[in-house]
Every structure is written in structure tokens, then in C-alpha cells.
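Residue-level structure breakdown
So you can see what is in the structure, the chains are spelled out below.
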Amino acid sequence: MKLDGQQPHILVVNDSPEILALKREIFEEEGFQVSTRINRDVDLDEIVRIGPNLVILDYSDEAESALLGQLRGDPRTASIPIVLCTGAIRKVEEIRPQIEAMGVRVVYKPFDIEDLVGVVREALDMDSERQETPPPGAA
């Protein structure tokens, strides 16, 4: 899968260097470009500068919750697909309608690697279809 002739670029944001290294390895083996950031060290302007095709975000504390809202609320990042990869099952289930309304996909920890990769590929395929499909009435 290529977007604009290049391998898709994934940004993984998490508070654990070990999880970041694991996800980098998983997605690089699948042929993706991967950037990683510790959640407390990343902000919206940096995400815009990195320019990912998709963001994988943990969702276990208020900083990550705020980052999700910022990503969806800023026109520069609102259309970037987001996958929450989280162990905060109860917290996410409580806000599931809002998450679904934002078009955010969820993968719960512990995750199956094939499932995570499949959700990412699905999100990127849907995003590339959205970019390639002309709006109704366009000639």
C-alpha cells in the first residue's frame, strides 16, 4: 500500500519507550515509515510538521485525551486517521459514542499484532479512498 507513491507514515505516541520500540518494529516490518514520540514530548505543531498519514495514540491519561481532542479539533489534523491502542477499556467504553463520532478506531491491549496491523491498513485504505473519491457533482 502506498499513498502518493510513498509508504504510509505512521506516528506512534505512547508513554512507554518499550511500546514505542515494539510498534516501530511491527510497522517497519510491514513496510511503513514510522515516527515515535513520548506523549508528554509531542504537541500539535510537531505532529503537523511530521505529517503522518495515521496516528496511533495510547489513551490512558488526561494528556492523551487532550491530544485526541486537539487532533480532531484542529483543521490541520482533523482528517488524519487515528487508532487508539489502549488498555483503558472501561474509560474508552464510557466515551465510545464520542470516539466513534470522531471516526477513531480502537484496539484494546493486549492486542494481536495482526489485528492492530489490519485496523491500521483499513484506516489508511479508507483515508486514501476518501482522498481519491471526488466530491458529488465534481466533474
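See the structure shown above.
Residues numbered from 1 in each chain as written. Predicted model: local features only at pLDDT ≥ 70, side-chain atom pairs only at ≥ 80, totals over all residues. Heavy atoms only, no water.

1. Section: helix α1 (residues 17–29)
This is how the line gets drawn: Starting at the N terminus, helices and strands are each numbered in turn, a helix being any DSSP run of H or I of at least four residues and a strand any DSSP run of E of at least two. The length a helix should cover is 1.5 Å for every residue beyond the first. The classification of residues rests on relative accessible area computed with a 1.4 Å probe and restricted to protein chains. Under 20% of the type maximum is buried, over 50% is exposed, and intermediate values are partly exposed. What the arc measures is the spread of directions leading from the helix axis to the C-beta atoms.
In this model α1 runs 18 Å from its N-terminal to its C-terminal C-alpha over 13 residues, within 8% of the 18 Å that 1.5 Å per residue would give. Of all the residues in α1, the buried ones are L20, K23, I26 and F27. Angular distribution of buried residues about the axis of α1 spans 130°; they occupy a single face of the element. Residues of α1 that are exposed and angled more than 90 degrees away from the buried face: E18 and E29. G31 lies just past α1 and shows a positive phi near 90°.

2. Some words on the sheet that holds strand β1 (residues 9–14)
Here is the rule: Each pair of strands is called paired provided DSSP finds at least two bridges between the two strands. For every element, the axis is a line fit to its C-alpha atoms; helices are fit only across the contacting stretch, and the angle between N-to-C directions ranges from 0 to 180 degrees.
Pairing is parallel across the open sheet formed by five strands, whose spatial order is β2-β1-β3-β4-β5. The open sheet is flanked by β2 (33–38) and β5 (105–108), the only strands paired with a single partner. In this sheet, adjacent strand axes meet at a mean angle of 20° when their direction is disregarded. As defined by bridge partners, β1 adjoins strand β3 (residues 54–57) across four bridges and the pair is classed as parallel.

Don't take any of this as a statement about function, it's just geometry.
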